[in-house]
Every structure is written in structure tokens, then in C-alpha cells.
Amino acid sequence: SSWSFILKGLGVSIGLAMVSITLGAIIAVPLAILRVYGPRGASHLAVGLIETVRAIPELMVVFWVFFSIPRLTGFVVGGWTAAAIAMTTIAAAYLAEVMRAGLFSVGQGQWEAGRSTGISDTRILFHIILPQALRNMLPALLGQLIMLFKTTSLVYIVGVVEFFKATQIVNNNTFTPHATYTVLAVGYFICCSAISYCIYRLDPNYTVTE
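Summary of the structure given here.

### Focus: the environment of Asn173
Along the polypeptide, Asn173 turns up in helix H7 (residues 163-174). C-alpha of Asn173 to C-alpha of Ser2: the two residues are 171 residues apart in sequence and 9.9 Å apart in space.

Here it is, written out as C-alpha cells:
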């Protein structure tokens, strides 16, 4: 009788992870470009933002977003909205580092080849460098999706009933910890294994290691 409730919580976790990874990737691209190619001031600002988020626990990011937005803006945000903003912030910081590594993985010769044909640096970046960098960093990007999916277990603290919280509620009502938390572990394992399998299917040359 609790399956529908647990599956609904799983859907919330998957949806939150997908929204966060999508928005985080969009924000991470300019952050990574600023850090690698931007002027000194902009580069230092990007480094500060990235390293600040990466240096503090994810739970603190969730807390800060949930309690700071109402104080700064005067608008009260719901738990899911705060969780999405916090998770997107976390995703952007970590993905920016992944993208930075991807940009460095493309040889300087690609820039020189583009310039030799008269292409502007902006077009070289977006039409030559970024596509190759994306190919190189694809496994790490999907690995971050696994991390984000598991990190959604923290957002229960702001009232979001996701997979972990839904299972916890069921356990509190049924007092069957072995069964409910086994279901939780199996659910995380299946979802994370599915993401890892997608990495393999995208390119069989990639191997995923823990």
C-alpha cells in the first residue's frame, strides 16, 4: 500500500536531479569560460563562486538558499523551489570544474588551426573547442548526475518529500526498517546503475569505476 507513495518520492528525486543538472550545466558554461579565458577580475570572481560552493557542505547550501532568499528578496519560496535553486547552484559549481578540465583537454593546436582560417576566437570557442571538450567530459558530466541524484536525499530538510523522505515516512508508519531501507538502497542502486549504463552505451570505450 506504500508503493505509490515511495514511487512518487522517487519521481521527485529524479525530477529534481534532472532540473538541477540542466540548469546547472547552462550556468556552468559561462562560469568555466570566465575561469579559463576571462579577464583577471572576472576569472577571480568565477573562481571565488565555484570554490565557495565546493568548499561547504551541500546541506549548508540548501539551508542558506531556503532562509536567505526570503530575507534578501522579501518573497517566501517553497521547499521544492529552494531545493531546486540550491541543487542547481551545487551542480553549476561542480560542472564548471568538469568543463574547465574539458576545455584544457583540447590542444592549443585547435585554436591555432581555427585562427589560421580567419575564424574569430568566439566562433573557435563555440564551434571547435566546446564540442570537443563536451565529448571529453561527457562521462564526468553524467557522473555528476549520479552525485546530484544522491544529493537530493538532503532536501528533505526543507520539507521536500523526495525518495529518502518518502521511505522514512513509510518506515515511521510501518516500523519495518529492514524492508523499507532495503527498498531505498535498491532504488538508488538501480537508478545510479542505469545512469552508468547510459555512459557505457554512449561510448563503449568509457569504463565507469567507483
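### A look at the nonpolar core
Grouped together as the largest cluster of nonpolar side chains are 58 residues, with contacts concentrated most on Leu103, Leu125, Ile129, Phe149 and Val155. Secondary-structure elements contributing two or more residues to this core are helix H1 (3-37), helix H2 (40-55), helix H3 (58-73), helix H4 (79-105), helix H6 (121-151), H7 and helix H8 (177-202). Per element, the largest residue contribution to this core is 15 residues, and it comes from H4. Once residues within four sequence positions are removed from consideration, Leu103 is found in contact with Ala32, Ile33, Val36, Tyr37, Leu125, Ile129, Leu130 and Ala133.

### Structural notes on a nonpolar patch on the surface
On the surface, a cluster of nonpolar side chains totalling about 440 Å² of accessible area is made up of Val19, Leu23, Ile26, Ile27 and Trp80. Looking at the secondary structure, you find Trp80 in helix H4. Here Trp80 falls in the partly exposed class, since its relative accessible area comes to 40%.

### A look at the environment of His178
Looking at the secondary structure, you find His178 in helix H8. Residue classification places His178 among the exposed positions, given a relative accessible area of 70%. It is 16 Å that separates the C-alpha atoms of His178 and Phe189, two residues lying eleven residues apart in sequence.

About the cut-offs
Residues numbered from 1 in each chain as written. Predicted model: local features only at pLDDT ≥ 70, side-chain atom pairs only at ≥ 80, totals over all residues. Heavy atoms only, no water. Helix = DSSP H or I, 4+ residues; strand = E, 2+ residues; numbered from the N terminus. Core = buried A, V, L, I, M, F, W, Y, C linked by side-chain atoms within 4.5 Å. Buried < 20%, exposed > 50% of the residue type's maximum accessible area, 1.4 Å probe, protein only. Contact = heavy atoms within 4.5 Å. Patch = residues over 30% accessible without salt bridge, like charges linked within 9 Å, V, L, I, M, F, W, Y side chains within 5 Å. Areas by Shrake-Rupley, 256 points an atom, 1.4 Å probe, with all protein chains shown as cover. Salt bridge = Lys/Arg side-chain N within 4 Å of Asp/Glu carboxyl O.

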